[in-house]
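The residues making up each chain are set out below.
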Amino acid sequence: MILVVTNVYIDPANVFHNFSKDAAESILSGNEIYVTSDNLDERGVRYHMIKSMPGNIECIAVGPSLSFGIRSSEVGTENFYNLSASRLNFYDYMSVFGLMEAYSKKADHVILCVDSYFFDESKYSGGSSFAFGNKYAEYMEAILNGDSPVLLKESENSEPIELNQAFSITYFQVAVKYIQAKNSYILKQKRWGKLDNKTENLLHYMPDGSLVYSLDFRNRTVDNVLADINKYDIAGIFSKGKHINRYNVDIFEKLVCYLMDKGTKIDLYLHPLPPSLWDRIENDGGLE
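What you see is a predicted model, and the numbers here were worked out from it, not measured in a lab.

A. The sheet that holds strand 8 (residues 265–268), seen in detail. Reading across from one edge, 3-2-4-8 is the order of the four strands in this open sheet, with parallel pairing throughout. Only two strands of the sheet have a single partner each, and these edge strands are strand 3 (80–82) and strand 8. The sheet shows a mean angle of 20° between the axes of neighbouring strands, direction not considered. When strand 2 (residues 56–62) meets strand 4 (residues 106–112), the two strands line up parallel, connected through six bridges. Bridge assignment links I60 to a residue of strand 4, and that residue is V110.

B. The arrangement of helix 12 (residues 246–261) in detail. Given a rise of 1.5 Å per residue, 16 residues ought to cover 22 Å, and the 22 Å separating the end C-alpha atoms of helix 12 matches this to within 8%. Among all positions of helix 12, only N248, V249, I251, F252, L255, V256, Y258 and L259 are buried. Where the residues of helix 12 are buried, they touch helix 5 (90–102), strand 4, helix 6 (116–119), helix 7 (133–144) and strand 8.

C. Geometry of helix 2 (residues 20–28). Of all the residues in helix 2, the buried ones are S20, A23, A24, S26 and I27. The buried side chains of helix 2 occupy one side of the element, clustering within an arc of 160° when seen end-on. Looking at the buried residues of helix 2, the elements they touch are strand 1 (33–35), helix 3 (42–52), strand 5 (192–194) and strand 6 (204–205). Directly after helix 2, the chain includes G30, whose backbone phi takes a positive value near 95°.

How each quantity is defined
- Residues numbered from 1 in each chain as written.
- Predicted model: local features only at pLDDT ≥ 70, side-chain atom pairs only at ≥ 80, totals over all residues.
- Heavy atoms only, no water.
- Pairing = 2+ DSSP bridges.
- Helix = DSSP H or I, 4+ residues; strand = E, 2+ residues; numbered from the N terminus.
- Axes fitted to C-alpha atoms, helices over the stretch in contact; angles between N-to-C directions.
- Expected span 1.5 Å × (residues − 1).
- Buried < 20%, exposed > 50% of the residue type's maximum accessible area, 1.4 Å probe, protein only.
- Contact = heavy atoms within 4.5 Å.
- Arc of directions from axis to C-beta.

Quick look at the structure:
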């Protein structure tokens, strides 16, 4: 009994408390929303944003967390949505454009950010982590390959709930670690809500869908960054000379051409690496 109650109440992965639809609707209504959960379903938020946003948008940004900080103020229009998500892989990326095709959404200007997760086959072997992601990714992939796919849209509120997680010992162990980290069994704050002066220091979404990190993350120093660089898993992220899948390169080129053929302006947002990290990549003989 304790196991089930803990798994459902603490719910570290938000299996039983998926607020992505409500959060997306609040963002699209012009609200800044804070998030206290450590496992926000970012892809779910983007899914519901795309379904509900206007049919014609001046500009969108799509990419991994590197592009979270692109905001309407930098783009120069209020008619902008940031559709980025952490560790966006090949299938996640394709699912964004598959969703836009399926729900007849068009952007005049698209900012694309890609990193090794898009081109590295080892990073997407399991497909998208979002319930409906693979379906929309394969739909877009077929379009880019010149096919005429048929897509059956899911019914409203049909996102699956993994009931077996309620009885999972592994999930219970994760929940216990979450309790220990928070030093409390009681959740002291709501999982999400509208931003106010009491929550402005928390991680939060802007009305354009861009993300603002928590205050402690924003206040990190150069020493903090250098320490992170020294611990960075280079071999797992930047495998020099390996893992660049030719098919992914081909699909990306087709995506760019497809959008441009529709009259869409394309900008590539390429995030530079710190020189000290680049030095490690170049000097690490294990990456040859």
